[in-house]
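# An overview of the molecular structure
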Amino acid sequence: MSYAIGVDIGGTYIKAGIVDKKGKIIEPIKIPITSKKDAEYVIGDVMTAVEKVIKAASPRKISGIGIGVPGRIDKKNGTIIDTPNLPLHGIPIKEILQRKFKKKVVIENDANCFGIAEAKLGFGRKNDYVLCITLGTGIGSAFIIKGKLYKGKGDAPELGHTTINFKGHECHCGNYGCVEEYISSRGLVKIARDYGFKLSDTLDLFIEAERGNLRAIKAFEEYGTMLGMALSNFVNTFDPEMIVLGGQISGAWRFFNKTMVRELNKKSFVPACKVAKTELKDAGVIGAGLGV
Ligand code: BGC
(Lines give C-alpha, C1' and ligand atoms only; values in the text may rest on other atoms or scores of the structure.)
Protein backbone atom coordinates (compact mmCIF):
# COMPACT_ATOMS: atom_id res chain seq x y z
CA MET A 1 0.00 0.00 0.00
CA SER A 2 1.24 3.49 -0.71
CA TYR A 3 0.83 6.38 1.68
CA ALA A 4 0.87 10.16 1.47
CA ILE A 5 1.80 12.78 3.99
CA GLY A 6 -1.00 15.20 4.78
CA VAL A 7 -0.26 18.60 6.29
CA ASP A 8 -2.84 21.12 7.48
CA ILE A 9 -1.36 24.58 8.02
CA GLY A 10 -3.68 26.29 10.48
CA GLY A 11 -3.46 29.83 11.75
CA THR A 12 -2.04 28.67 15.09
CA TYR A 13 -1.00 25.02 14.70
CA ILE A 14 0.30 22.72 11.99
CA LYS A 15 -1.22 19.26 11.95
CA ALA A 16 0.24 16.43 9.92
CA GLY A 17 0.21 12.68 9.56
CA ILE A 18 0.63 9.68 7.30
CA VAL A 19 -2.58 9.15 5.33
CA ASP A 20 -3.40 5.83 3.71
CA LYS A 21 -5.50 5.40 0.56
CA LYS A 22 -8.65 4.89 2.63
CA GLY A 23 -8.12 8.16 4.49
CA LYS A 24 -6.92 6.68 7.77
CA ILE A 25 -4.33 8.80 9.60
CA ILE A 26 -1.32 7.08 11.11
CA GLU A 27 0.99 8.89 13.55
CA PRO A 28 -0.86 12.23 13.68
CA ILE A 29 1.13 15.16 15.06
CA LYS A 30 0.30 18.74 16.00
CA ILE A 31 2.93 21.43 16.44
CA PRO A 32 2.42 25.11 17.30
CA ILE A 33 3.49 27.76 14.78
CA THR A 34 6.61 29.29 16.35
CA SER A 35 6.02 32.81 15.10
CA LYS A 36 3.77 34.57 12.60
CA LYS A 37 6.40 37.30 12.14
CA ASP A 38 7.46 36.11 8.72
CA ALA A 39 7.17 33.25 6.29
CA GLU A 40 10.53 31.74 7.23
CA TYR A 41 9.25 30.65 10.64
CA VAL A 42 6.04 29.16 9.29
CA ILE A 43 7.76 27.33 6.43
CA GLY A 44 10.38 26.13 8.95
CA ASP A 45 7.57 24.70 11.09
CA VAL A 46 6.00 23.00 8.07
CA MET A 47 9.37 21.39 7.30
CA THR A 48 9.75 20.25 10.91
CA ALA A 49 6.29 18.66 10.77
CA VAL A 50 6.99 16.91 7.45
CA GLU A 51 10.40 15.69 8.67
CA LYS A 52 8.82 14.21 11.82
CA VAL A 53 6.12 12.41 9.83
CA ILE A 54 8.60 11.11 7.23
CA LYS A 55 10.69 9.67 10.06
CA ALA A 56 7.65 8.03 11.62
CA ALA A 57 6.55 6.69 8.23
CA SER A 58 9.71 4.68 7.55
CA PRO A 59 9.82 2.04 6.00
CA ARG A 60 6.43 2.76 4.36
CA LYS A 61 6.48 4.05 0.79
CA ILE A 62 5.43 7.70 0.60
CA SER A 63 3.91 8.78 -2.71
CA GLY A 64 3.92 12.50 -1.98
CA ILE A 65 3.10 15.36 0.32
CA GLY A 66 -0.24 17.18 0.35
CA ILE A 67 -0.36 20.62 1.91
CA GLY A 68 -3.51 22.42 3.06
CA VAL A 69 -2.90 26.17 2.84
CA PRO A 70 -5.12 28.63 4.76
CA GLY A 71 -5.78 30.97 1.87
CA ARG A 72 -5.79 31.47 -1.89
CA ILE A 73 -3.30 29.48 -3.91
CA ASP A 74 -2.07 29.12 -7.47
CA LYS A 75 -2.41 25.36 -7.59
CA LYS A 76 -0.71 24.96 -10.96
CA ASN A 77 2.41 26.91 -10.08
CA GLY A 78 2.38 25.77 -6.48
CA THR A 79 2.57 29.26 -5.02
CA ILE A 80 0.58 30.90 -2.26
CA ILE A 81 -1.35 33.99 -3.32
CA ASP A 82 -2.89 35.29 -0.12
CA THR A 83 -3.16 33.92 3.42
CA PRO A 84 -5.02 36.54 5.48
CA ASN A 85 -3.94 35.05 8.82
CA LEU A 86 -0.34 34.08 8.02
CA PRO A 87 2.53 35.90 6.27
CA LEU A 88 2.82 33.46 3.36
CA HIS A 89 1.86 35.68 0.42
CA GLY A 90 3.83 34.86 -2.71
CA ILE A 91 5.71 31.88 -1.23
CA PRO A 92 6.52 29.16 -3.83
CA ILE A 93 5.77 26.47 -1.26
CA LYS A 94 5.57 23.58 -3.69
CA GLU A 95 9.06 24.19 -5.11
CA ILE A 96 10.56 24.76 -1.64
CA LEU A 97 9.20 21.48 -0.28
CA GLN A 98 9.91 19.49 -3.43
CA ARG A 99 13.54 20.60 -3.36
CA LYS A 100 13.90 19.77 0.32
CA PHE A 101 12.11 16.40 0.43
CA LYS A 102 12.53 15.18 -3.19
CA LYS A 103 8.90 14.11 -3.28
CA LYS A 104 5.81 15.11 -5.22
CA VAL A 105 4.05 18.03 -3.52
CA VAL A 106 0.41 19.01 -4.06
CA ILE A 107 -1.10 22.13 -2.54
CA GLU A 108 -4.77 22.86 -1.91
CA ASN A 109 -6.80 25.35 0.12
CA ASP A 110 -7.19 24.07 3.72
CA ALA A 111 -11.00 24.22 3.71
CA ASN A 112 -11.06 22.38 0.40
CA CYS A 113 -8.96 19.66 2.05
CA PHE A 114 -11.62 19.45 4.75
CA GLY A 115 -14.20 19.27 1.92
CA ILE A 116 -12.31 16.45 0.16
CA ALA A 117 -12.37 14.41 3.38
CA GLU A 118 -16.08 15.11 3.94
CA ALA A 119 -16.85 14.20 0.32
CA LYS A 120 -14.99 10.88 0.47
CA LEU A 121 -15.49 9.78 4.06
CA GLY A 122 -18.01 12.07 5.72
CA PHE A 123 -21.41 13.64 5.10
CA GLY A 124 -20.69 14.12 1.38
CA ARG A 125 -21.16 10.39 0.80
CA LYS A 126 -24.87 10.51 1.60
CA ASN A 127 -25.78 14.08 0.69
CA ASP A 128 -25.53 15.72 -2.73
CA TYR A 129 -25.13 19.36 -1.68
CA VAL A 130 -22.95 19.84 1.37
CA LEU A 131 -21.56 23.14 2.53
CA CYS A 132 -18.47 22.73 4.73
CA ILE A 133 -17.44 25.54 7.08
CA THR A 134 -14.35 25.52 9.29
CA LEU A 135 -14.42 27.68 12.41
CA GLY A 136 -10.92 28.55 13.54
CA THR A 137 -8.34 31.33 13.20
CA GLY A 138 -9.98 31.99 9.84
CA ILE A 139 -13.32 30.91 8.37
CA GLY A 140 -12.85 28.30 5.67
CA SER A 141 -15.47 27.06 3.25
CA ALA A 142 -15.91 24.32 0.67
CA PHE A 143 -18.97 23.27 -1.29
CA ILE A 144 -19.50 19.64 -2.29
CA ILE A 145 -21.81 18.90 -5.20
CA LYS A 146 -22.40 15.18 -5.71
CA GLY A 147 -19.04 14.19 -4.28
CA LYS A 148 -17.02 16.88 -6.09
CA LEU A 149 -15.84 20.28 -4.92
CA TYR A 150 -17.34 23.36 -6.55
CA LYS A 151 -14.56 25.95 -6.94
CA GLY A 152 -15.88 28.50 -9.44
CA LYS A 153 -12.91 29.66 -11.52
CA GLY A 154 -10.67 28.21 -8.87
CA ASP A 155 -11.04 30.07 -5.58
CA ALA A 156 -14.66 29.67 -4.53
CA PRO A 157 -16.10 29.68 -1.98
CA GLU A 158 -14.42 32.23 0.30
CA LEU A 159 -17.39 32.84 2.57
CA GLY A 160 -15.29 34.15 5.45
CA HIS A 161 -14.66 37.30 3.45
CA THR A 162 -18.25 38.18 2.63
CA THR A 163 -19.14 41.57 4.05
CA ILE A 164 -21.83 41.55 6.72
CA ASN A 165 -21.15 44.95 8.29
CA PHE A 166 -20.21 47.92 6.11
CA LYS A 167 -18.88 49.79 9.12
CA GLY A 168 -17.45 46.74 10.84
CA HIS A 169 -14.03 45.76 12.17
CA GLU A 170 -11.06 45.61 9.85
CA CYS A 171 -10.42 42.04 8.71
CA HIS A 172 -6.96 40.58 8.17
CA CYS A 173 -7.77 40.52 4.45
CA GLY A 174 -7.86 44.33 4.43
CA ASN A 175 -11.62 44.76 4.05
CA TYR A 176 -14.04 45.81 6.76
CA GLY A 177 -16.86 43.87 8.36
CA CYS A 178 -16.08 40.43 6.92
CA VAL A 179 -17.99 37.56 8.44
CA GLU A 180 -14.62 36.12 9.55
CA GLU A 181 -14.26 39.01 12.03
CA TYR A 182 -17.41 37.82 13.83
CA ILE A 183 -17.41 34.03 13.81
CA SER A 184 -13.70 33.07 13.74
CA SER A 185 -11.71 32.70 16.95
CA ARG A 186 -11.11 36.49 16.84
CA GLY A 187 -14.89 36.98 16.81
CA LEU A 188 -15.34 34.61 19.73
CA VAL A 189 -12.53 36.33 21.67
CA LYS A 190 -14.33 39.68 21.19
CA ILE A 191 -17.67 38.25 22.35
CA ALA A 192 -15.94 36.63 25.35
CA ARG A 193 -14.37 39.98 26.24
CA ASP A 194 -17.85 41.41 26.81
CA TYR A 195 -18.40 38.61 29.31
CA GLY A 196 -15.20 39.43 31.19
CA PHE A 197 -12.75 36.97 29.59
CA LYS A 198 -9.32 37.84 28.25
CA LEU A 199 -8.57 34.84 26.06
CA SER A 200 -5.38 33.84 24.32
CA ASP A 201 -6.99 30.60 23.08
CA THR A 202 -10.71 29.94 22.58
CA LEU A 203 -10.11 26.52 24.11
CA ASP A 204 -9.97 28.25 27.51
CA LEU A 205 -13.52 29.51 27.05
CA PHE A 206 -14.61 25.97 26.22
CA ILE A 207 -12.96 24.67 29.39
CA GLU A 208 -14.77 27.34 31.43
CA ALA A 209 -18.11 26.45 29.81
CA GLU A 210 -17.47 22.77 30.54
CA ARG A 211 -16.92 23.70 34.19
CA GLY A 212 -20.35 25.30 34.21
CA ASN A 213 -19.23 28.94 34.12
CA LEU A 214 -22.44 30.76 33.15
CA ARG A 215 -20.64 33.72 31.57
CA ALA A 216 -18.72 31.36 29.30
CA ILE A 217 -21.94 29.55 28.39
CA LYS A 218 -23.64 32.88 27.59
CA ALA A 219 -20.68 33.90 25.41
CA PHE A 220 -21.06 30.69 23.38
CA GLU A 221 -24.80 31.29 23.06
CA GLU A 222 -24.16 34.75 21.67
CA TYR A 223 -21.57 33.27 19.33
CA GLY A 224 -24.17 30.73 18.17
CA THR A 225 -26.59 33.53 17.29
CA MET A 226 -23.91 35.28 15.26
CA LEU A 227 -22.98 32.01 13.54
CA GLY A 228 -26.62 31.18 12.74
CA MET A 229 -27.03 34.57 11.13
CA ALA A 230 -23.90 34.03 9.01
CA LEU A 231 -25.06 30.55 8.01
CA SER A 232 -28.44 31.93 6.94
CA ASN A 233 -26.65 34.05 4.30
CA PHE A 234 -24.81 30.95 3.12
CA VAL A 235 -28.03 28.94 2.97
CA ASN A 236 -29.64 31.68 0.87
CA THR A 237 -26.67 31.50 -1.50
CA PHE A 238 -26.19 27.73 -1.84
CA ASP A 239 -29.42 26.11 -0.62
CA PRO A 240 -27.41 23.11 0.61
CA GLU A 241 -28.86 19.86 1.86
CA MET A 242 -26.73 20.24 4.95
CA ILE A 243 -23.90 22.19 6.50
CA VAL A 244 -20.94 20.48 8.19
CA LEU A 245 -18.89 22.42 10.72
CA GLY A 246 -15.25 21.73 11.48
CA GLY A 247 -12.33 23.60 13.04
CA GLN A 248 -11.44 24.11 16.68
CA ILE A 249 -14.57 26.07 17.66
CA SER A 250 -16.86 23.32 16.34
CA GLY A 251 -15.67 21.27 19.33
CA ALA A 252 -17.81 23.56 21.52
CA TRP A 253 -20.87 22.55 19.47
CA ARG A 254 -23.06 21.68 22.43
CA PHE A 255 -22.73 25.20 23.82
CA PHE A 256 -23.68 27.10 20.67
CA ASN A 257 -25.80 24.80 18.50
CA LYS A 258 -29.21 25.72 19.96
CA THR A 259 -28.90 29.48 19.38
CA MET A 260 -27.22 28.82 16.01
CA VAL A 261 -30.12 26.68 14.75
CA ARG A 262 -32.70 29.11 16.12
CA GLU A 263 -31.09 32.08 14.34
CA LEU A 264 -30.51 30.13 11.14
CA ASN A 265 -34.20 29.22 10.97
CA LYS A 266 -35.26 32.75 11.79
CA LYS A 267 -33.04 34.49 9.25
CA SER A 268 -32.76 32.28 6.18
CA PHE A 269 -35.10 33.13 3.33
CA VAL A 270 -34.91 29.74 1.62
CA PRO A 271 -35.81 26.87 3.99
CA ALA A 272 -32.95 26.20 6.42
CA CYS A 273 -31.06 22.92 6.29
CA LYS A 274 -29.66 20.65 8.98
CA VAL A 275 -26.28 21.48 10.46
CA ALA A 276 -23.89 18.91 11.93
CA LYS A 277 -20.47 18.82 13.48
CA THR A 278 -17.92 16.83 11.48
CA GLU A 279 -17.55 13.21 12.54
CA LEU A 280 -14.01 13.07 11.18
CA LYS A 281 -10.91 13.76 13.23
CA ASP A 282 -8.30 15.93 11.54
CA ALA A 283 -10.29 16.07 8.29
CA GLY A 284 -7.91 18.75 6.95
CA VAL A 285 -4.93 16.39 7.22
CA ILE A 286 -6.91 13.53 5.66
CA GLY A 287 -8.04 15.67 2.71
CA ALA A 288 -4.53 17.02 2.15
CA GLY A 289 -3.18 13.45 2.04
CA LEU A 290 -5.98 12.15 -0.19
CA GLY A 291 -5.38 15.02 -2.62
CA VAL A 292 -1.86 13.78 -3.49
C1 BGC B 1 -8.98 32.20 4.11
C2 BGC B 1 -9.45 30.87 3.58
C3 BGC B 1 -9.12 29.77 4.57
C4 BGC B 1 -9.68 30.13 5.93
C5 BGC B 1 -9.33 29.09 6.98
C6 BGC B 1 -9.58 32.44 5.48
O7 BGC B 1 -9.14 33.66 6.00
O8 BGC B 1 -9.35 33.25 3.25
O9 BGC B 1 -8.86 30.60 2.34
O10 BGC B 1 -9.66 28.57 4.10
O11 BGC B 1 -9.20 31.39 6.36
O12 BGC B 1 -7.98 28.95 7.14
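## Points about the sheet that holds strand β11 (residues 242-246)
Pairing in this open sheet of 5 strands is mixed, and the strands run β10-β9-β8-β11-β12 from one edge to the other. Looking along the sheet, the strands with just one partner apiece sit at the ends: β10 (148-150) and β12 (274-277). Mean inter-strand twist for the sheet, computed between neighbouring axes without regard to direction, equals 30°. As judged from the 7 bridges shared by strand β8 (residues 129-135) and strand β9 (residues 139-145), these two strands associate in the antiparallel manner.

## Details of the environment of S268
Note on placement: S268 falls in the loop between α8 (253-267) and β12. The spacing of S268 and V235 is 33 residues in sequence and 6.6 Å in space, taken between C-alpha atoms. Sequence-distant contacts of S268, that is, excluding residues within four places in its chain, are made with S232, V235 and N236.

## Regarding the site of the ligand
Taken together, 13 residues lie near the ligand, and N109, D110, E158, H161 and E180 sit nearest. Take H161: an N or O atom from its side chain is 2.9 Å from an oxygen atom of the ligand. Here the ligand loses 95% of its free accessible area of 310 Å² to cover by the protein chains. When grouped by side-chain class, the residues that make up the shell around the ligand number 4 nonpolar, 6 polar and 3 charged.

## Observations regarding the sheet that holds strand β1 (residues 2-9)
Across a sheet, strands are paired by hydrogen bonds formed along the backbone, either parallel or antiparallel in direction. Read across the sheet, 5 strands follow the order β3-β2-β1-β4-β7 without closing on themselves; strand pairing throughout is mixed. The strands lining the two open edges of the sheet, one partner per strand, are β3 (25-32) and β7 (105-109). In this sheet, adjacent strand axes meet at a mean angle of 20° when their direction is disregarded. One ladder, built from 5 bridges, connects strand β4 (residues 61-69) with β7; its direction is parallel. When the bridges of β7 are listed, I67 appears paired with I107.

Rules and cut-offs
Residues numbered from 1 in each chain as written. Predicted model: local features only at pLDDT ≥ 70, side-chain atom pairs only at ≥ 80, totals over all residues. Heavy atoms only, no water. Pairing = 2+ DSSP bridges. Helix = DSSP H or I, 4+ residues; strand = E, 2+ residues; numbered from the N terminus. Axes fitted to C-alpha atoms, helices over the stretch in contact; angles between N-to-C directions. Contact = heavy atoms within 4.5 Å. Near = heavy atom within 4 Å. Polar contact = N/O pair within 3.5 Å; in protein donor to acceptor, adjacent residues only side chain to side chain. Areas by Shrake-Rupley, 256 points an atom, 1.4 Å probe, with all protein chains shown as cover. Nonpolar A, V, L, I, M, F, W, Y, C, P; charged D, E, K, R; others polar.

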